[in-house]
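Residue strings, one per chain:
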Amino acid sequence: MTAKLWWMIRKDLLSEYRSRRTWPAMLLLGILVAVVFTVQMDLPPEGQRRIAGGLLWLAILFAGVLALDRSFALESEDHCGEGLLLYPVSPTAVYLAKLLVNVFALAALEMILIPLFIALSGVPLLAHPWATLLVAGLGNVAICAIGTPLSALAAKIPERGNLSALLVFPLIIPVLLAASEATRLIAEDRLGAEWWRWVQFVAAFALVFLVSGTVLFDFLVED
Amino acid sequence: MTGASIAIQVLRLAKVLGRRAVLKDVDFQIVAGQRVALVGANGAGKTTLLRCLASLARPSAGAVHWFGQPARGNPQARRLLGLVAHDSLLYPHLTLRENLLFAARMCDVDHPRQRVEGLLESTGLRPHGHRLPAAVSRGMRQRLSIARALVHYPRILLLDEPFAGLDTAGAEWLTELLIALGQSGRTVCFTAHDDAIISRLADRVLEVRSGRVYEIPRDSAGIPILYRSTERRAA
């Protein structure tokens, strides 16, 4: 299964590299939102530290939804996704491959947005790099774990517009709040029990979304 | 007849799309090595039936078995099946060669590169292997779709209007290929509208009409009496 997972991931990354349809738009939107948020954030340093986490995660979510939405739109072209379902590969493997590509896309986005936020606002988001990495990683997995199957569902609907965003946003609110709180506590240099509780909260949602995505994916992609 | 010699078994299959019953209580079986044509008017449900046979559509009731194995919820059984669908199922940003290689790797084909080069050669697409699907003609895309469906040596081949888009030479190539596949024991089930092709290719003809499947009778020479279905529709 590992080899097939790799070939599916490679196929998606190669298609994106050649078409450049998703990542440039995602990165541009993320940068734009981050710049607007940080320029408008005319607050004393304490205030900036308080809200930087929320603004960072909003920027990640707005831009990330573009990548999530496009992840199955590629499979809709010439109904390639149906070809994928004809191969002797479990729906779980297809789900995991798409999930990993999306996690990779959001990680690339965060690698640009976090330094950009630090540069523009001066908020020390990387004062505890491992803590930031943990929150960003778990938040990433949670967003992609639920966003990937919903994108598969939306891709089956003609004239779907921004259906992925409409489906993802309400479900992702708890993760967004918890990740924002955990990031705020990193910026305020308060890595105590409270921070750990928020991290566990994000991890729990990531796990729940992963399990439900794995279980439901087969039903969502079928005719 | 043993389960192993029955390639496709359809048991009380029904499919409802919205409020419309597209397929009703369909029951038939196809013996291994047979070439079966599915005919019927536009919108009769041929494609839906083919999608159910390929396990791409979930039946509202009933089941499909491939060589005795349930078609649904059984990813490993998909090795038995190749499908040429109405759409090409080709990735637009992968070259012809990469599309075939991807299919070969997903199907665990031994020596995938050799297999792909062999298929490109036999379909006459080798000089175009580096091109994207959008950069070649519809007929070439159709040839590649057929090659993609055959990449893993499936025992059952389902084809939805495979002659669409092929020129005379392409149609002749496909006819000979399907005859050869049938002779080598592969089961072929295809939809088509051309009576000449059906008469030449099909061992059996099944007509999809009003959501049900009827066997078309044959004359004394064993040729399916296709005009009867037209007469029946006209009546």
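These notes cover the structure that comes with them. Here the residue index of a chain counts from 1 through its sequence in written order. All chains are assigned letters beginning at A, and all ligands numbers beginning at 1, according to the order in which they are written. Only residues with pLDDT of 70 or above have their local features reported here, since the model is predicted, and side-chain atom pairs are shown and tallied only from 80 upward, although totals for entire chains, interfaces and linings are computed over all residues. Note that the side-chain values use all heavy atoms of the structure and ignore hydrogens as well as water.

So, the overall build of chain A
Short version of the rule: Only DSSP runs of H or I covering at least 4 residues are called helices, and only runs of E covering at least 2 are called strands; the numbering of each starts at the N terminus. For the radius of gyration, the atom set is restricted to C-alpha positions; the globular benchmark scales as 2.2 Å times the number of residues to the power 0.38. Each residue gets one of three labels from its accessible area relative to the maximum for its type: buried under 20%, exposed over 50%, partly exposed in between, using a 1.4 Å probe on protein chains only. Any two residues having at least one pair of non-hydrogen atoms within 4.5 Å are treated as being in contact. Here the open area of atoms and residues is found with the Shrake-Rupley method and a 1.4 Å probe, where only the protein chains shown may cover a residue. In this tally, Asp and Glu contribute negative charge and Lys and Arg positive charge; neither His nor the terminal groups of the chain are included. Here the site of a charge means atom NZ of a Lys, CZ of an Arg, CG of an Asp or CD of a Glu.
Helix and strand content of chain A: eight helices and zero strands. Starting at the N terminus and walking to the C terminus, you meet the elements of chain A as α-α-α-α-α-α-α-α. Taking 2.2 N^0.38 as the reference for a compact globule, 223 residues should give roughly 17 Å; the C-alpha atoms of chain A span a radius of gyration of 18 Å, in line with that estimate. With the principal axes as the frame, chain A shows a C-alpha extent of 55 × 35 × 30 Å. In chain A, which comprises 223 residues, the share counted as buried stands at 50%. A separation of at least 24 residues holds for 82% of the contacts in chain A among residues at least 6 apart in sequence. By element, 71% of the accessible surface of chain A is carried by carbon and sulfur atoms, the whole surface being about 9900 Å². Seen as two clouds, the 15 positive and the 18 negative side-chain charges of chain A have centres 4 Å apart.

Remarks on the nonpolar core
What counts, and what does not: For the purposes of this section, nonpolar cores are sets of buried Ala, Val, Leu, Ile, Met, Phe, Trp, Tyr and Cys residues that join through side-chain atoms within 4.5 Å.
In terms of nonpolar packing, the biggest core is built from 88 residues, with Met-8, Tyr-87, Val-135, Ile-172 and Trp-195 of chain A touching the most fellow members. Among the elements that take part in this core, helix H5 (residues 91–121) of chain A stands out by supplying 13 residues, more than any other. With residues up to four places along the chain from it excluded, the contact list for Met-8 of chain A reads Leu-84, Val-89, Ala-93, Val-94 and Ala-97 of chain A together with Phe-102 and Met-106 of chain B. Core analysis: the next-biggest nonpolar cluster, separate from the first, contains 36 residues, Leu-23, Cys-52, Ala-57 and Ala-77 of chain B among them.

Let's talk about the sheet that holds strand S3 (residues 35–39) of chain B
Residue and element names in this part refer to chain B. So the rule is basically this: Strand pairing follows a simple DSSP-based rule, namely that at least 2 bridges must link the two strands. Note on definitions: angles span 0 to 180 degrees between N-to-C directions of axes, and those axes are lines fitted to C-alpha atoms, for helices only across the stretch in contact.
A sheet is described by the order of its strands in space; here six strands give the open sequence S6-S7-S8-S3-S9-S10, paired in mixed fashion. In the strand order of this sheet, the two ends are held by strand S6 (81–84) and strand S10 (212–215), each with one partner. For this sheet, the mean inter-axis angle between neighbouring strands, taken without regard to orientation, is 20 degrees. As paired strands, strand S7 (residues 156–160) and strand S8 (residues 187–191) are joined by five bridges and run parallel to one another. Looking across to S8, one finds that Leu-157 is bridged to Val-188. Across the sheet, helix H4 (residues 138–150) touches S6 and S7, and the angle it forms with S6 is around 170 degrees. The strands that helix H5 (residues 168–183) touches are S3, S7 and S8; relative to S3, the one it contacts most, it runs at about 130 degrees.

Thoughts on the packing of aromatic side chains
Residue and element names in this part refer to chain A. Rules: Think of it this way: a Phe, Tyr or Trp ring, Trp meaning its six-membered ring, pairs with another when their centres are within 6.5 Å, and the plane angle makes it stacked under 30 degrees, edge-to-face over 60, tilted otherwise.
One pass over the full model with this rule turns up ten aromatic pairs over all chains. Arranged with centres 6.1 Å apart and planes meeting at 70 degrees, the rings of Phe-62 and Phe-169 form a pair that is edge-to-face. On the criterion of sequence distance, the pair formed by Phe-62 in helix H3 (residues 45–76) and Phe-169 in helix H7 (residues 163–187) is long-range, its members being 107 residues apart. Aromatic pair Phe-205 and Phe-209: ring centres 5.6 Å apart, planes at 65 degrees, arrangement edge-to-face. On the criterion of helical spacing, the pair formed by Phe-205 and Phe-209 is a turn pair, its members being four residues apart in helix H8 (residues 193–221). Joined through ring pairs, the aromatic side chains of Trp-198, Phe-201, Phe-205 and Phe-209 make up one cluster.

Considerations on a nonpolar patch on the surface
All names here are of chain A. Rules: Residues enter patches when their relative accessible area tops 30% and they take part in no salt bridge; the joining distance is 9 Å for like charges and 5 Å for the nonpolar side chains Val, Leu, Ile, Met, Phe, Trp and Tyr. Any Lys or Arg side-chain nitrogen located within 4 Å of an Asp or Glu carboxyl oxygen qualifies as a salt bridge.
Residues Ile-31, Val-35, Val-39, Ile-112 and Leu-120 make up a contiguous nonpolar surface patch of about 370 Å² in total accessible area. For the nonpolar patch, the elements supplying multiple residues, two or more each, are helix H2 (23–40) and H5. Top contributing element to the nonpolar patch by residue count: H2, with three residues. Inspection of the secondary structure assignment puts Ile-31 in helix H2.

Function cannot be inferred from these measures alone, as they are strictly geometric.
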